[in-house]
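Working through the structure, step by step
What follows is the residue order along each chain.
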Amino acid sequence: MVAVQKKPAAAKEGGGGSHGIPEGELLGTLALVGLIYFTAAGGAYGSESVISSVGPLPVIISHAIFPFCWSLPIGLATTELATAYPSDGGIAVWAALAFNEFWGFMGGYFSLVEGCINLAVFPTVTLDYLMVLFNAELDPYTAYLGKAAISIFVVFLNMQGVSFVGRSAYILSILINIPLLFMCIGAIMTVKDYSPWLESRQNDYDTNWTFFMGILVFNLSGYDNVGSVAGQVKQPGITMPKAMIVAIVVGSVSFLVPLMYGAVIDSDYDHWQAGYFAIAGRKVGGDWLFYMLVIAAAMSRLTHFMAELCTNSFFLQGMAGERMGAPI
C-alpha cells in the first residue's frame, strides 16, 4: 500500500513532502505557470501545418473551443489531485492510491515511456531551427554531436534545480511570444483582407483531418505532466489552481492568435508547414522579424525540452520515493 507521507512542520509553506526541499527551492505561482506552459503548449512554433491540413476556419473554431472541453478538464483534474496529494510522482502516486502499487507503477512507466519518446524530438527540432538561423547544413556525424551537445546543455540546466527551471520557463514564455506578437501587429497594419478566416479545405483533395486532430490534441495536451512536481509547489492548494488556469488560458491564446493572423498573411495554405511563421513574419516585418522568429522558435523547443525533462525526472523521483522504482 502506498502512503503519501505528511510533510514536516518546517515545510508548511510548501508541498515538498518527505523530500526535504527547502523553502527557497519550491515553485511559486509564476514559476509554476512557466513550467506548465512549456510541458503543455510551449508556443505556437511548429503548429503551422494545421493551416495547410484543413484551412483557417476549422483551425480558429477548434482552438477557440477545444481548450474548454479538453485542456480545462485535464487541468482541473490534475489540480484537484495535486492539491489533495502534493507529492512528487504525479499519476504514478495517484494511481497507486486509487488502485494498488502495480497500477501506480504502470502509470508511471507508461508516462516515462511517452516522455522519453517525446524528449527525443526536441534536440533535433532545436538544431533544425539553429541551422535555419545560420543557413547551414550538417553532415550526420556533426548533427549527432550537435544534438548531444544540446541534450547535455539541457541536463545541466535541470541540475540547477526545479526552481531555476520554473523561473527560466516563465521568463522565456514571455520572450518567445514577443516575435509572434510583432508578427500579428504587422498583419493588422498591412493586411486588409480577412476573408481567409472564413475558408476551409473541406472539399479539397489535400484536406487531412486525421493529421489536424492529432496536432490539435498534442498542442492542447500535457497539463497533467505538472502533477509530477506537485511536491515542489508552495502552498499547492492556492498556487496550483491559479497557475493552471493562467497557463491554460495563455497556452490556448498563444496558439489561436498567431495562427489566426498568420493565415491572412499568406492565404496559400500549401505554404504553411512547420517553421513557416518566420517566413510569414518576413512578409510583414522584414528580415529582422524573420530572425527573431527563428531564434524564438529554437528557444521555445529548447525550453520545452528543459521543462519536459524536469517533469520526467520527478516522475522517477516520486516513484522511487514510494518504492515503485530504484532508490534515488
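Look a little higher up for the structure.
Small disclaimer: the values here were computed from a predicted structure and weren't measured.

1. Observations concerning a nonpolar patch on the surface
Judged by side-chain polarity, Ile171, Ile174, Leu175, Ile178, Leu181, Phe182, Ile185, Ile188, Met189 and Trp288 come together as a nonpolar surface patch covering roughly 940 Å² of accessible area. When residues of the nonpolar patch are traced back to their parent elements, those giving at least two are α8 (162-175) and α9 (177-190). Looking at the nonpolar patch, the element that brings in the most residues is α9, giving six residues. Relative to the assigned elements, leucine 175 resides in helix α8. Residue class for leucine 175 comes out partly exposed when judged on its relative accessible area of 45%.

2. Notes on helix α1 (residues 29-40)
Working note: α-helix, 3.6 residues per turn, so residues spaced by three or four point in the same direction. For α1, spanning twelve residues, the distance from its first C-alpha to its last is 16 Å, which sits close to the expected 16 Å at 1.5 Å a residue. The buried fraction of α1 amounts to ten of the twelve residues, a majority that puts the element mostly inside the structure. Two residues or fewer past α1, glycine 42 is found with a positive phi of approximately 80°.

3. What about the packing of aromatic side chains?
By the definition in use, this model includes 14 aromatic pairs. Taken together, a centroid distance of 5.8 Å and an interplanar angle of 25° make the contact between phenylalanine 66 and tryptophan 70 stacked. Taken together, the positions of phenylalanine 66 and tryptophan 70, both in helix α3 (residues 56-84) and four residues apart, correspond to about one turn of that helix. Exposure remark for phenylalanine 66: the relative accessible area of 14% places this residue in the buried category. Consider the rings of phenylalanine 122 and phenylalanine 305, whose centres lie 6.1 Å apart with planes at 25°: the pair is stacked. You can see phenylalanine 122 sitting in helix α6 (residues 121-134) and its partner phenylalanine 305 sitting in helix α13 (residues 287-321), a full 183 residues away along the chain. In this structure phenylalanine 122 comes out as buried when scored by relative accessible area, which is 3%. In textbook terms, an aromatic cluster arises when at least three aromatic residues are bridged by ring pairs, as seen for Tyr45, Trp272, Tyr276 and Phe277. Cation over ring: arginine 282 sits above phenylalanine 290, and NZ or CZ is 3.8 Å from the ring centre.

Rules used throughout
- Residues numbered from 1 in each chain as written.
- Predicted model: local features only at pLDDT ≥ 70, side-chain atom pairs only at ≥ 80, totals over all residues.
- Heavy atoms only, no water.
- Patch = residues over 30% accessible without salt bridge, like charges linked within 9 Å, V, L, I, M, F, W, Y side chains within 5 Å.
- Areas by Shrake-Rupley, 256 points an atom, 1.4 Å probe, with all protein chains shown as cover.
- Salt bridge = Lys/Arg side-chain N within 4 Å of Asp/Glu carboxyl O.
- Helix = DSSP H or I, 4+ residues; strand = E, 2+ residues; numbered from the N terminus.
- Buried < 20%, exposed > 50% of the residue type's maximum accessible area, 1.4 Å probe, protein only.
- Expected span 1.5 Å × (residues − 1).
- Phe/Tyr/Trp six-rings, centres within 6.5 Å; stacked < 30°, edge-to-face > 60°.
- Lys NZ or Arg CZ within 6 Å of the ring centre and 35° of its normal.

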